[in-house]
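Close look at the chain arrangement
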Amino acid sequence: MAETRAAPHVPLEAKSPFDLRVDLGKDVPETDVRTALAQGDMGFMHSFTTGSAVDGPGVRVVGWTTGCMWRCQYCHNPDTWTMRNGIPVSVTQALEELRKYRHGLKVMAGGVTISGGEPLMQRRFVMKVLAGAKDMGIHTAIETNGFLGAELTDGDLDDIDLVLLGLKTWDRERHRALTGRDNEPTLELARRLPSRRQPVWVRFVLVPGLTDDPADIAQIAAFAAKLGNVERVEVLPFHQMGRFKWETLGIRYALEGTEPPSPEAVAAACETFRAQGLTTH
Ligand code: SF4
């Protein structure tokens, strides 16, 4: 496959992942998509953003991949569900992007985080980018829903310094209703990482009426605490910044009337994690 460059009118770098991006890879033939996924020399990305202080330690470049097999009711970036909404990007191009920032990232004790979408939908591509970043001495992180965690080899995990793992809700039926999928593969990935001493940050989105059952949060907290490798838990209050994407894409949005959680509710969720000895932010 010829090396593919981003369409000139859409820069790979975005101000934020809340830029709406659709159909940017729609002209890539299906056979090339299959080859890309199989070989990992090319991937599809919403964008790179810079200067993030919330997606891992220090100041980070974040690569937002497209493609996700879940359909979380509160997803802020539904344009990243479809792989071909993203820009076709070669590994070389992605690494060129990171090379520009490598010195600054080191000075600011940061690194690169690959998020999405769900990065493991493009595991080979993502791992080539992270391995290249490691070779440049850049700290690497991946933010994942964990559903395809079984596809990560031990060699892949060696190239990931930090796993940001989304735990959405504990109850299986509730998880299916919330995301469309089972949570067992995610929990399986979480159970695999402690023996490797692989640091994990748990991300938990607090959504009134969906993920705020105190007993459910307590079960996530107990699970996370037992793992022994969870360095911190981030309680992320639901917000409506992604609502316009649902509307523009014409997808029915079930959370139209849902308000962000109150500060008290966020504090109570944090306290549930702290009560298990976990550090929360
Ligand atoms: S896993 Fe992430 S990207 Fe996928 S639907 Fe859920 S919130 Fe959206």
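Above this text is the structure in question.
Note that this is a predicted model, so its numbers are computed, not measured.

Okay, the sheet that holds strand β1 (residues 42-52) next. Taken together, 8 strands build an open sheet; the order of strands is β3-β1-β2-β4-β5-β6-β7-β8 and the sheet is mixed. Of all the strands in the sheet, the pair left with one neighbour each is β3 (87-90) and β8 (230-237). Between one strand axis and the next, the sheet turns by 30 degrees as a mean value, whatever way the strands run.

In this fold, Phe125 is placed in helix α3 (residues 123-135). Considered as a pair, Phe125 and Gln39 are 86 residues apart in the sequence and their alpha carbons are 7.5 Å apart. When near neighbours in sequence (up to four residues on either side) are disregarded, Phe125 contacts Gly40, Asp41, Met42, Gly43, Met45, Val89, Ser90, Val91 and Ala94.

Put simply, helix α7 (residues 214-227) and helix α9 (residues 263-274) touch, their axes get as near as 8 Å, and they point 35 degrees apart. Here α7 and α9 pass one another in a crossing that is right-handed. Two secondary-structure elements touch here, α7 through Ile217, Ala218, Ile220 and Ala221 and α9 through Ala269, Thr272 and Phe273. Residue composition of the contact of α7 with α9, by class: 6 nonpolar, 1 polar and no charged.

Around the ligand, the structure places Cys68, Trp70, Arg71, Cys72, Cys75, Trp81, Gly117, Asn145 and Lys168. One can see that the ligand is located within the largest pocket. Its residues assigned to classes, the shell around the ligand shows 5 nonpolar, 2 polar and 2 charged.

As a further point, take empty space enclosed by the protein. Empty pockets left among the atoms are what a rolling probe the size of a water molecule brings to light. One pass over the structure, following the stated rule, counts 1 cavity of 30 Å³ or more. In this structure, the largest cavity occupies an estimated 50 Å³ of space. Considering the residues around the largest cavity, the lining is formed by Gly166, Leu167, Lys168, Thr169, Trp170, His175, Asn183, Thr186, Leu187 and Ile220. Of the residues assigned to the lining of the largest cavity, the class counts are 4 nonpolar, 5 polar and 1 charged.

Rules of the game
Residues numbered from 1 in each chain as written. Predicted model: local features only at pLDDT ≥ 70, side-chain atom pairs only at ≥ 80, totals over all residues. Heavy atoms only, no water. Pairing = 2+ DSSP bridges. Helix = DSSP H or I, 4+ residues; strand = E, 2+ residues; numbered from the N terminus. Axes fitted to C-alpha atoms, helices over the stretch in contact; angles between N-to-C directions. Contact = heavy atoms within 4.5 Å. Left-handed = near helix turned anticlockwise from the far one by under 90°. Nonpolar A, V, L, I, M, F, W, Y, C, P; charged D, E, K, R; others polar. Near = heavy atom within 4 Å. 1 Å grid on protein atoms, 1.4 Å probe; cavity = no way out; pocket = protein on both sides within 12 Å on 5 of 7 lines; lining within 4 Å. Sits in = over half its atoms within 2 Å of the grid points. Points joined across faces, edges and corners; volume = space filled by probe spheres on them.

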